[in-house]
Amino acid sequence: MARVLVVDDEKMIVKGIRFSLEQDQMQVDCAYDGEEALELARKTEYDVVLLDIMLPKMDGFQVCQQIREFSNMPIIMLTARGDDMDKILGLEYGADDYITKPFNILEVKARIKAIMRRSQKGHAKEEKSAVIESGDLMLDCEGRRCFIEGREINLTAKEFDLLELLVNNPGKVYSRDNLLNIVWGYEYPGDVRTVDVHVRRLREKIESSPSEPKYVHTKWGVGYYFKN
């Protein structure tokens, strides 16, 4: 049974989401402020966290950032409609996806299920033992873990998916649109800036000099590629 954490200070919204998800046999925990959300996330590894930005005590950005210090559980942020800065900041802080308010509950359920499907595919890969090494970088595709010079790098689910795709196809240049479709899915309504943000975050984690990358390179006007 999938376990979802819903975080919003508007209790009617939480009640509606909870009812709808439970109809699909999901187990739902609820939090109404940032501190409560963080406490629950520390106790339980959720399949998905649905996290509003505007929260009492601690905003969604802070909650997302602190969760990323101890877990890679998928996070979907709820943002105000048309507020592109909130969307970009959410991704910068480590969110995997975002949904704009007001939203259709069917869209929320579709996004949650899409993230869980991708997560299950990742777990299915555990049946195959695969470790890829390139220079100081080692990618454990079975355990979905990344190491640089023997030190583990904490990647979010999307950062790992992005790196895994590039590492498995060295030298192949992927356009931002292609990466968006492959990693996020064709149904994903976001734009290519999502890819740019994740590539930047990925470089900050795995590159000793992000402005002069060793692994994830840019082919100007085309896209991104991995270099052995």
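Residues numbered from 1 in each chain as written. Predicted model: local features only at pLDDT ≥ 70, side-chain atom pairs only at ≥ 80, totals over all residues. Heavy atoms only, no water.

In the annotation of an unreviewed UniProt entry, the entry for the chain reads Stage 0 sporulation protein A homolog, and the organism field reads Cuneatibacter caecimuris. Quoted verbatim from the Function (unreviewed entry) heading of the UniProt record, the comment on the chain is "May play the central regulatory role in sporulation. It may be an element of the effector pathway responsible for the activation of sporulation genes in response to nutritional stress. Spo0A may act in concert with spo0H (a sigma factor) to control the expression of some genes that are critical to the sporulation process." (UniProt positions renumbered as here; feature names shortened; annotations may be inferred.)

Would you mind going over the sheet that holds strand β8 (residues 145-148) in detail, with residue names and values included?
As summarised here, the arrangement of the 4 strands in space is β6-β7-β8-β9, forming an open sheet in which the pairing is antiparallel. Each edge of the open sheet carries a strand with a single partner, namely β6 (131-134) and β9 (151-153). Neighbour-to-neighbour, the strand axes of the sheet open up by a mean angle of 25°, direction not taken into account. Here β6 pairs with strand β7 (residues 137-140) via 4 bridges, running antiparallel. Following the sheet pairing, I132 is matched in β7 by L139. In this fold helix α6 (residues 157-167) packs onto β6, β7 and β8, with an angle of close to 110° to the strand it touches most, β7. (Pairing = 2+ DSSP bridges. Helix = DSSP H or I, 4+ residues; strand = E, 2+ residues; numbered from the N terminus. Axes fitted to C-alpha atoms, helices over the stretch in contact; angles between N-to-C directions. Contact = heavy atoms within 4.5 Å.)

Before we move on, could you go through the pattern of salt bridges and cite the residues and values that matter?
Here the structure, examined in full by the defined rule, presents 20 salt bridges. Notably, a salt bridge pairs R200 with E92, separated by 2.0 Å at the nearest N-O pair. Of this pair, R200 sits in helix α8 (residues 193-206) while E92 is found in helix α4 (residues 84-92), placing the two residues 108 residues apart along the sequence. One salt bridge in this structure joins R144 and E164, with 4.0 Å as the shortest N-O distance. With a gap of 20 residues between them, R144 in the loop between β7 and β8 and E164 in helix α6 connect regions that are remote in the sequence. A relative accessible area of 7% means that E164 is categorised as buried. The structure contains a network of salt bridges with shared partners spanning D8, E10, D52 and K101. (Salt bridge = Lys/Arg side-chain N within 4 Å of Asp/Glu carboxyl O. Buried < 20%, exposed > 50% of the residue type's maximum accessible area, 1.4 Å probe, protein only.)

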